[in-house]
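Coordinate inspection notes
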Amino acid sequence: MSEHQNSEVITKEKIDKAIELLKEQKPKEREDLSDREAVRKMRRYIEKLTSDKYGYSYDEVSEMLKGLGINLSGSRIKYLLGELKKSSRRQKKTSSSDDNNPSSNPATETQLTVVSTASDQASSEPEESTVNSAKGKRKSKQPAPQQQQAESNL
């Protein structure tokens, strides 16, 4: 297979300029949106109108939008808002449970293993000094073969 015969030489300078040009581009605004995306964009305003303070029903909001050519039933608007709330709740729950759950942090589990290994090897020292010695004192006192074995278990 042959390459294009009319192609120019592409220099590094041209590539750098092309990269800069591509980086500067903004996302294109789409003309048509799905009903889910449309409700997501209007969410705060719909929720405001359907709040107790304003008192509009979803059907009344639907009628307002119908005048603009947005044909969504009141029940469809209500359903889509519910779906948006569910998905945002799931995202918040996932991010907060990851932060608060120490067992999901593998580094913590590894540290606990190191502490228990060091305490198993301790003879009659109290537990606090064993924890402190796990950071260096105990390791340096071990003969070389035991130290290598303890490090390979990590």
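The text that follows walks through the structure, step by step, so that each part is easy to find. Every value quoted in this text rests on a predicted model; they were computed, and no experiment measured them.

A short note on the overall build of the chain
Counting secondary structure elements, the chain contains eight helices and zero strands. Start at the N end of the chain and walk to the C end: the helices and strands fall as α-α-α-α-α-α-α-α. Burial statistics for the chain: of 154 residues in total, 14% are counted as buried. Residue pairs at least 24 apart in sequence account for 30% of intrachain contacts in the chain once pairs closer than 6 positions are excluded.

Examining helix 3 (residues 58-66)
Restricting attention to buried positions, one finds in helix 3 the residues Val61, Ser62 and Leu65. An end-on view of helix 3 places all buried positions within 105° of arc, on one side of the element. Structural note: helix 3 exposes Asp59 and Glu63 on the side pointing more than 90 degrees away from its buried face.

With respect to the packing of helix 2 (residues 35-49) against helix 3
For the pair helix 2 and helix 3, interaxial distance at closest approach is 10 Å and the crossing angle is 130°. When the axes of helix 2 and helix 3 are compared, the pair comes out oblique. As helix 2 packs across helix 3, the resulting crossing turns out to be right-handed. Touching Met42, Ile46 and Leu49 of helix 2 are Tyr58, Val61, Met64 and Leu65, all from helix 3. A per-class count over the contact of helix 2 with helix 3 returns seven nonpolar, no polar and no charged.

Focus: the nonpolar core
Formed by Val39, Ile46, Val61, Leu65, Leu72, Ile77, Leu80, Leu81 and Leu84, the largest nonpolar core amounts to nine residues. Of all elements in the fold, only helix 2, helix 3 and helix 4 (74-100) reach the threshold of two or more residues within this core. Here this core takes four residues from helix 4, the largest share from any one element.

Details of the pattern of salt bridges
Overall, the coordinates contain nine salt bridges when judged by the stated rule. Asp35 serves as the salt-bridge partner of Arg76, at 2.9 Å between the closest nitrogen and oxygen. Here Asp35 lies in helix 2 and Arg76 lies in helix 4, a separation of 41 residues in the sequence. On the basis of relative accessibility, which here comes to 29%, the residue Arg76 falls in the partly exposed class. Here Asp35 falls in the partly exposed class, since its relative accessible area comes to 27%.

Comments concerning helix 1 (residues 12-24)
Since the α-helix advances by 3.6 residues per turn, residues separated by three or four positions end up pointing in the same direction. In this model, helix 1 (13 residues) spans 19 Å end to end at C-alpha, consistent with the 18 Å of a helix rising 1.5 Å per residue. Of all 13 residues in helix 1, zero are buried; the element is thus mostly exposed.

A short note on a nonpolar patch on the surface
Taken together, the side chains of Ile10, Ile15 and Ile19 define a hydrophobic patch exposed on the protein surface, amounting to about 280 Å² of accessible area. Relative to the elements of secondary structure, Ile15 occurs in helix 1. When its relative accessible area of 40% is taken as the criterion, Ile15 is described as partly exposed.

Some thoughts on the environment of Thr50
Note that Thr50 resides in the loop between helix 2 and helix 3. Considering only alpha carbons, one finds Thr50 and Val61, eleven residues apart in sequence, at a separation of 8.0 Å. At a separation of 2.9 Å, a polar atom in the side chain of Thr50 contacts the main-chain carbonyl oxygen of Ile46.

The rules behind each value
Counting restarts for each chain: residues are numbered from 1 in the order of the written sequence. Residues qualify for local features only when their pLDDT is at least 70, as the model is predicted, and side-chain atom pairs are given and counted only at 80 or more; totals for whole chains, interfaces and linings, by contrast, use all residues. With hydrogens and water excluded, all non-hydrogen atoms of the structure serve as input to the side-chain values. Under the scheme used here, helices are H or I runs from DSSP no shorter than 4 residues and strands are E runs no shorter than 2 residues, and both carry numbers assigned from the N terminus. The classification of residues rests on relative accessible area computed with a 1.4 Å probe and restricted to protein chains. Under 20% of the type maximum is buried, over 50% is exposed, and intermediate values are partly exposed. By the convention used here, residues are in contact when the closest approach between their heavy atoms is within 4.5 Å. In this context, the arc is that of the directions from the helix axis out to the C-beta atoms. All axes are obtained by fitting lines to C-alpha atoms, using only the stretch in contact for helices, and the reported angles, taken between N-to-C directions, cover 0 to 180 degrees. An angle counts as roughly parallel when it lies under 35 degrees, as roughly antiparallel when it exceeds 145, as roughly perpendicular when it falls between 65 and 115, and as oblique in every other case. Should the near helix be turned counterclockwise from the far one by less than a right angle, the crossing is left-handed, whereas a clockwise turn marks it as right-handed. Under the convention adopted here, Pro, Cys and the residues Ala, Val, Leu, Ile, Met, Phe, Trp and Tyr are nonpolar, Asp, Glu, Lys and Arg are charged, and Gly plus all remaining residues are polar. Side-chain atoms within 4.5 Å are what join buried Ala, Val, Leu, Ile, Met, Phe, Trp, Tyr and Cys residues into a set we call a nonpolar core. When a carboxyl oxygen of Asp or Glu is within 4 Å of a side-chain nitrogen of Lys or Arg, the pair counts as a salt bridge. Helix span, as expected, comes to 1.5 Å for every residue beyond the first. Excluding any residue in a salt bridge, patches collect residues exceeding 30% relative accessible area, merging like charges within 9 Å and nonpolar Val, Leu, Ile, Met, Phe, Trp and Tyr side chains within 5 Å. Only the protein chains shown count as cover for residues, with accessible areas throughout obtained via the Shrake-Rupley method and a probe of 1.4 Å. The definition of a polar contact used here is a pair of N or O atoms within 3.5 Å, where within protein one atom must be able to donate a hydrogen and the other to accept one, and adjacent residues in sequence count solely through side-chain atom pairs.

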